[in-house]
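The chain contents come next:
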There are 2 protein chains.
Amino acid sequence: MQRITEQRRVLLEELQATKRHPTADELYETVRCRLPNISLGTVYRNLDLLVRSGSIRKLDKAGGQARYDADLSEHLHVRCLHCGAIADLPDDGALKLEIPLPVIPSYAITRYRLEFEGTCPGCSAGTT
Amino acid sequence: MQRITEQRRVLLEELQATKRHPTADELYETVRCRLPNISLGTVYRNLDLLVRSGSIRKLDKAGGQARYDADLSEHLHVRCLHCGAIADLPDDGALKLEIPLPVIPSYAITRYRLEFEGTCPGCSAGTT
DNA sequence: AATGCTATTAATAATGATTATCGATACTGA
DNA sequence: TCAGTATCGATAATCATTATTAATAGCATT
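Note that this is a predicted model, so its numbers are computed, not measured.

Draft legend 1. Quick look at the pattern of salt bridges. All names here are of chain B. A full pass over the atoms with the stated rule returns 22 salt bridges over all chains. A salt bridge links Glu-29 to Arg-32; the nearest nitrogen and oxygen atoms lie 3.5 Å apart. On the basis of relative accessible area, Arg-32 is assigned to the partly exposed category, the value being 31%. Residue Arg-52 pairs with Asp-48 through a salt bridge whose shortest N-O separation is 3.3 Å.

Draft legend 2. Spotlight on the protein's contact with DNA strand D. By nearness alone, 17 residues border DNA strand D, and Arg-8, Thr-42 and Arg-45 of chain A together with Tyr-44 and Ala-66 of chain B come closest of all. Gln-7 of chain A places a polar side-chain atom, nitrogen or oxygen, 3.0 Å from a sugar or linking oxygen of DNA strand D. At 2.8 Å from a phosphate oxygen of DNA strand D is found a main-chain nitrogen or oxygen belonging to Ala-66 of chain B. At the level of elements, helix H1 (6–16) and helix H3 (40–52) of chain A are the ones that each hand at least two residues to the surface near DNA strand D. Among the elements that line the surface near DNA strand D, the one with the most residues is H3 of chain A, at 3 residues. Each residue belonging to the surface near DNA strand D can be placed in one class, and the counts come to 4 nonpolar, 9 polar and 4 charged.

Draft legend 3. Structural context of the protein's contact with DNA strand C. Not every one of the 17 residues close to DNA strand C is listed here, only the nearest: Tyr-44 of chain A together with Thr-5, Arg-8, Thr-42 and Arg-45 of chain B. Of all DNA strand C atoms lying within 4 Å of any protein atom, the proportion belonging to sugar or phosphate reaches 80%. Within the side chain of Thr-5 of chain B, a nitrogen or oxygen atom sits 2.7 Å from a phosphate oxygen of DNA strand C. With respect to DNA strand C, the backbone of Ser-39 of chain B contributes an N or O atom lying 3.3 Å from a phosphate oxygen. Elements with a contribution of two residues or more to the surface near DNA strand C: helix H1 (6–16) and helix H3 (40–52) of chain B. Per-element tally for the surface near DNA strand C: the top contributor is H3 of chain B, with 3 residues. Across the surface near DNA strand C, the residue classes tally to 4 nonpolar, 9 polar and 4 charged.

Draft legend 4. Expanded view of H1 of chain B. If you check which residues of H1 of chain B are buried, you get Arg-8, Val-10, Leu-11, Glu-14 and Leu-15 of chain B. Check the buried side of H1 of chain B and you find it contacts helix H2 (24–31), H3 and strand S2 (67–69) of chain B.

Draft legend 5. A look at the environment of Ile-86 of chain A. Residue and element names in this part refer to chain A. Residue position: Ile-86 is located in strand S4 (residues 86–88). With relative accessibility at 7%, the residue Ile-86 sits in the buried group. Distance from Ile-86 to Thr-30, taken between C-alpha atoms, is 18 Å for residues 56 residues apart in sequence. Beyond its immediate chain neighbours, meaning those up to four positions away, Ile-86 contacts His-21, Leu-59, Arg-67, His-77, Val-78 and Arg-79.

Draft legend 6. Structural view of the pairing of strand S5 (residues 108–119) of chain B. Two strands pair when backbone bridges link them, and strand S5 (residues 108–119) of chain A and S5 of chain B are joined in this way by 11 bridges, in the antiparallel orientation. Within S5 of chain B, the position partnered with Gly-118 of chain A by the bridge is Ile-109 of chain B. Sheet topology places strand S3 (residues 77–80) of chain B next to S5 of chain B; 3 bridges connect them, and they run parallel. Residue pairing across strands places Cys-80 of chain B opposite Gly-118 of chain B, the latter belonging to S5 of chain B.

Conventions and cut-offs
- Residues numbered from 1 in each chain as written.
- Chains lettered and ligands numbered in written order.
- Predicted model: local features only at pLDDT ≥ 70, side-chain atom pairs only at ≥ 80, totals over all residues.
- Heavy atoms only, no water.
- Salt bridge = Lys/Arg side-chain N within 4 Å of Asp/Glu carboxyl O.
- Buried < 20%, exposed > 50% of the residue type's maximum accessible area, 1.4 Å probe, protein only.
- Near = heavy atom within 4 Å.
- Polar contact = N/O pair within 3.5 Å; in protein donor to acceptor, adjacent residues only side chain to side chain.
- Helix = DSSP H or I, 4+ residues; strand = E, 2+ residues; numbered from the N terminus.
- Nonpolar A, V, L, I, M, F, W, Y, C, P; charged D, E, K, R; others polar.
- Contact = heavy atoms within 4.5 Å.
- Pairing = 2+ DSSP bridges.

Next comes the structure, spelled out in structure tokens:
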């Protein structure tokens, strides 16, 4: 039985309250304002539970920290190659991508991962 | 000045000789047949050099081991969600995906990552 | 052939994000 | 109330990868 603990609820609230896509330890810092005694392990454990119950999405990345998103609507992301920040792509018509799943004999292809990469406004300002 | 050491040459040869997409430690095991004294650090270091010189491609994945590919032609991959193995998608016409890079004011989007996921023949056989 | 210079090596320690462990605590339902 | 279990905070362990380091090897110049 999955209880709705204070930690879990606050974590979800804080993630839902932001349009950024925070990492586990960014969330840890945020949540500590409301729950000063929460531990980082608890953050990771609850994020994982929330991902598995389908309440949030995990945007992971090799060699870096995973980021989390409470926006469950279909949308794509851009990741900044310099600072790692993730932004939502506006879903304004133009980007209605229809990617057909390839069919290969005896290989069950079930889904795909698509993510854009580039340089965010903040980082290109710094590079001037 | 970048030397062509025995280790670097053998590593590249072995990677070019396979159609699988081995991890660093799989390559380590393979290369050890020819160079028994090579160390895993050397494998990682040289793979990184080869990636940066554009001789091979790195197919990384959050929470797992990266895999490497010496096939530089444009092609897509499927990753098995169970065993982590990567296969090439046959580039037979049907899958000529044209993914336009989205345009967002002040965000320089330069490329995308696209990878398919599913269950490979070996793993779906085991699941029967 | 000897010298100096730098790239590379093998071995090993360190890193960093995440996960596991564990004893204590807090719910929950009979 | 009490047993059973989910969760907690604290901390140790994991695992892939990267950094460090002392030793070696290869090239260029004498």
